[in-house]
Amino acid sequence: MTYQNYSLKQLQQIDAAHHLHPFTDHKELREAGARVITHANGPFIYDSEGTELLDGMAGLWCVSIGYGRDELAEAAYAQMKELPYYNSFFKCSTPTPVLLSKKLAEIAPRNVNQVFYGSSGSEANDTALRLVRHYWVLEGKPEKNRVISRKMAYHGSTIAGTSLGGMDAMHKQLNGAVPNIVHVMMPYAYELALPGESDHDFGLRAAKSVEDAILEAGADKVAAFIGEPVMGAGGVKIPPASYWPEVQRICRKYDVLLMLDEVITGYGRTGEWFAAQTFDIEADTITTAKALTSGYQPLSALLVGDRIASTLVEKGGEFNHGYTYSGHPVACAVALKNLEIIEQEGLIDRVRNDTGPYFAKALQERIAVHDLVGEVRSIGLMGAIEIVKDKATKERFLPAGSAAVKVRDHAIANGMMLRATGDTMILSPPLIWTRDTIDMACERIGKALDLAQADLRTR
Ligand code: PXG
């Protein structure tokens, strides 16, 4: 590759001149210059200066089997030579999406047996929204078109994704969302539980906000509820055990479809193939992407439950929706190999029985004790660290988010890539992490917390 002929400074200048980045303040970026990641191996990424960083975010919640896996490169190469592309429109198909669909039907919850492909989680959620609304039209209830979501949910960045999501900053810039989507409270006990309210009771109260929204609109107007089993980008918010069973009960009671967004939780992150299995949720649609290919190719799979799929098939008529790259042969070949590796290496069992519990214990014993930490929580290999000024009162540093950014910057300077969202540090490591990698991460995060604390004291 020819980038080696460019200096870091030149790459940064060209980047600033021509490249608009996602979720970026471009004025700020142009002053600082981008960190240029040039290569990666196993759990480590390397920048153009040769700095090695332990990747605590698996790229962006996706590189589950780690970097530098020749098997995936070879699967892509072989497929590109044989058939780089053909569409799945007009009664055509190609072998790899066929076989991937079979595999996904095998590993998905029992009521889920059909797959619709796209290239990103956002696209898959767009498909999901269109599909549930189309379902109710086919069922003769076109007025049943409202979708209930949650504040702080992240469902992608297209117009449908942003509208389904509950991020205020994104809605402001949308300046006009897809109609008939409402947002209820999130199941985030750390900040929203009332004094003395148990986790159990809080979970029921958060679920009741879904019922209240259904009753307010009228059940005959509500198509579906959508939620991430564990809210990811919004800060790894793990609901109390009482939450999902109650949401499920409410959806059944009012005949409201249940849409799960497993773009982050899918393919092993919570210690089962899907968080639907971890939380025992029966969903009508499951949105997946990211770890489906470990990020080696862009691919999303909307898993569609039997209820919707059978109506679609039985009632007939064309579903007027699809993408050029739906069922892309190369992306599907890479996904098949990726799932095979996850299985062969027993990565999901390892998360459930070994690294997940070890990660939870390490965070509790080594990170939660720090003065700057209000709470740690984790499920499988996704975790959060709440940064506070005062552990007892949960008071935060001002301005909001500034302390977490300090922790992040010190972490990066100490060889640990992790992310801050608001005042929450997020961890979502590759599933190949071992106990040793977890130890290394905790040591580096601990150091970052100490250094941030020293800064904050002198401020
Ligand atoms: N749903 C969920 C739950 C996601 O986390 C999407 C949909 C959209 O997927 P695409 O492939 O269209 O990006 C996501 C994506 C972050 C971050 O900062 C998280 C995501 C994307 C970008 C940044 O944590 N998740």
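What you see is a predicted model, and the numbers here were worked out from it, not measured in a lab.

**What to know about the site of the ligand**
No. 1: Around the ligand, the structure places 16 residues, and the nearest of them are Trp-61, Gly-121, Ser-122, Asp-261 and Arg-419.
No. 2: A distance of 2.5 Å separates an oxygen atom of the ligand from a polar side-chain atom of Ser-122.
No. 3: Here an oxygen atom of the ligand sits 2.9 Å away from a polar atom, N or O, in the side chain of Arg-419.
No. 4: Within the complex, 83% of the 540 Å² of free accessible area of the ligand lies under protein.
No. 5: At the level of secondary structure, the elements contributing two or more residues to the shell around the ligand comprise helix H3 (58-61) and helix H6 (121-138).
No. 6: Looking at the shell around the ligand, the element that brings in the most residues is H6, giving 3 residues.
No. 7: Broken down by class, the residue content of the shell around the ligand amounts to 6 nonpolar, 6 polar and 4 charged.

**Focus: the pattern of salt bridges**
No. 1: For the coordinates displayed, the defined rule picks out 24 salt bridges.
No. 2: For the salt bridge of Glu-71 with Arg-69, the shortest nitrogen-to-oxygen distance reads 3.1 Å.
No. 3: On the accessibility criterion, Glu-71 (29% relative accessible area) is partly exposed.
No. 4: The exposure class of Arg-69 is buried, given its relative accessible area of 14%.
No. 5: For Glu-343, the salt bridge is made with Lys-103, and the minimal N-O distance between the two is 3.0 Å. Of this pair, Glu-343 sits in helix H14 (residues 329-344) while Lys-103 sits in helix H5 (residues 95-107), and the two are 240 residues apart along the sequence.
No. 6: What makes Lys-103 buried here is its relative accessible area of 17%.
No. 7: Because the salt bridges share partners, they merge into one network encompassing Glu-191, Glu-375, Arg-377, Glu-386 and Arg-396.

**Comments concerning the sheet that holds strand S8 (residues 257-261)**
Each strand in a sheet pairs with another by means of backbone hydrogen bonds, the pair being arranged parallel or else antiparallel.
No. 1: The 7 strands lie next to each other as S4-S10-S9-S8-S7-S5-S6, forming an open sheet whose pairing is mixed. In the strand order of this sheet, the two ends are held by strand S4 (112-118) and strand S6 (181-184), each with one partner. The average angle at which neighbouring strand axes cross in this sheet is 20°, direction not considered.
No. 2: Bridge analysis of strand S5 (residues 146-150) against strand S7 (residues 222-227) gives 3 bridges, and the strand direction is parallel. The residue bridging Arg-146 from the neighbouring strand is Val-222, located in S7.
No. 3: Sitting on the sheet, helix H10 (residues 199-217) touches S5, S6 and S7, and the angle it makes with S5 is about 155°.

**Remarks on the pairing of strand S12 (residues 382-387)**
No. 1: S12 sits mainly inside the fold: 6 of its 6 residues count as buried.
No. 2: The alternating pattern of S12 places Met-382, Ala-384 and Glu-386 on one face and Gly-383, Ile-385 and Ile-387 on the opposite face, and all of these are buried.
No. 3: Sheet analysis places strand S11 (residues 373-379) next to S12, joined by 6 bridges and oriented antiparallel. Its bridge partner lying in S12, Arg-377 is registered against Ala-384.
No. 4: The antiparallel pairing of S11 with S12 creates a hairpin that spans 2 residues between the two strands, and Gly-380 there sits at a positive phi of about 55°.
No. 5: Inspection of the sheet shows S12 paired to strand S15 (residues 424-427) by 4 bridges, in the antiparallel sense. For Ile-385, the partnering residue across the bridge sits in S15 and is Met-425.

**Notes on the packing of H10 against helix H11 (residues 243-253)**
Two measures define how a pair of helices packs: the angle their axes make with one another and the distance between the axes.
No. 1: Their axes nearest at 8 Å, the elements H10 and H11 cross at an angle of 20°. Considering the angle they form, H10 stands roughly parallel to H11. For H10 against H11, the interelement crossing comes out right-handed. Contacts between H10 and H11 pair Gly-203, Leu-204, Ala-206, Ala-207, Lys-208, Val-210, Glu-211 and Ile-214 from the former with Tyr-243, Glu-246, Val-247, Arg-249, Ile-250 and Lys-253 from the latter.

**A closer look at the side chain of His-328**
No. 1: Examined against the element boundaries, His-328 turns out to sit in the loop between helix H13 (306-315) and H14.
No. 2: Apart from the residues lying within four places of it in its own chain, the contact partners of His-328 are Pro-84, Tyr-85 and Thr-96.

**Quick look at the domain arrangement of the protein**
No. 1: When cut into domains, the protein gives domain 1 (35-65 + 346-458) and domain 2 (71-344).
No. 2: Domain 1 puts 34 residues into the contact, and the matching count from domain 2 is 33 residues.
No. 3: Roughly 2,600 Å² of surface becomes buried between domain 1 and domain 2 when both sides are summed, with 62% attributable to carbon and sulfur atoms.
No. 4: Ranking the residues of domain 1 by area buried against domain 2 places Trp-61, Ile-65 and Ile-348 at the top, with a combined share of 25%.
No. 5: At the surface where domain 1 touches domain 2, the tally comes to 2 salt bridges.
No. 6: A salt bridge links Glu-272 to Arg-352; its shortest N-O distance comes to 3.6 Å.
No. 7: Seen at the junction of domain 1 and domain 2, the total is 16 residue pairs in polar contact (both at pLDDT 80 or more).
No. 8: Secondary-structure elements contributing two or more residues to the side of domain 1 that touches domain 2 are H3, helix H15 (347-367), S11, S12, strand S14 (419-421) and S15.
No. 9: Sort the elements by how many residues they give to the side of domain 1 that touches domain 2 and S11 lands first, with 5 residues.

**Quick word on the side chain of Thr-94**
No. 1: Mapping Thr-94 onto the fold places it in the loop between helix H4 (70-82) and H5.
No. 2: According to the relative accessible area criterion, Thr-94 is buried, its value standing at 4%.

**A closer look at unusual backbone geometry**
No. 1: Omega for the peptide link from Leu-398 to Pro-399 comes to -10°, which places this bond in the cis form.
No. 2: Examined against the element boundaries, Pro-399 turns out to sit in the loop between S12 and helix H16 (402-413).
No. 3: Of note, Asn-180 is a non-glycine position whose phi angle comes to about 65°, a positive value.
No. 4: Structurally, Asn-180 can be placed in the loop between helix H8 (168-174) and S6.
No. 5: The exposure class assigned to Asn-180 is partly exposed, which follows from its relative accessible area of 33%.
No. 6: Phi at Asp-280 takes a positive value of approximately 55°, unusual for a residue other than glycine.
No. 7: Tracing the backbone shows Asp-280 in the loop between helix H12 (275-278) and strand S9 (285-288).

Thresholds applied
Residues numbered from 1 in each chain as written. Predicted model: local features only at pLDDT ≥ 70, side-chain atom pairs only at ≥ 80, totals over all residues. Heavy atoms only, no water. Near = heavy atom within 4 Å. Polar contact = N/O pair within 3.5 Å; in protein donor to acceptor, adjacent residues only side chain to side chain. Areas by Shrake-Rupley, 256 points an atom, 1.4 Å probe, with all protein chains shown as cover. Helix = DSSP H or I, 4+ residues; strand = E, 2+ residues; numbered from the N terminus. Nonpolar A, V, L, I, M, F, W, Y, C, P; charged D, E, K, R; others polar. Salt bridge = Lys/Arg side-chain N within 4 Å of Asp/Glu carboxyl O. Buried < 20%, exposed > 50% of the residue type's maximum accessible area, 1.4 Å probe, protein only. Pairing = 2+ DSSP bridges. Axes fitted to C-alpha atoms, helices over the stretch in contact; angles between N-to-C directions. Contact = heavy atoms within 4.5 Å. Parallel < 35°, antiparallel > 145°, perpendicular 65-115°, else oblique. Left-handed = near helix turned anticlockwise from the far one by under 90°. Domains from an automatic or database assignment. Buried area = accessible area lost by both parts, 1.4 Å probe.

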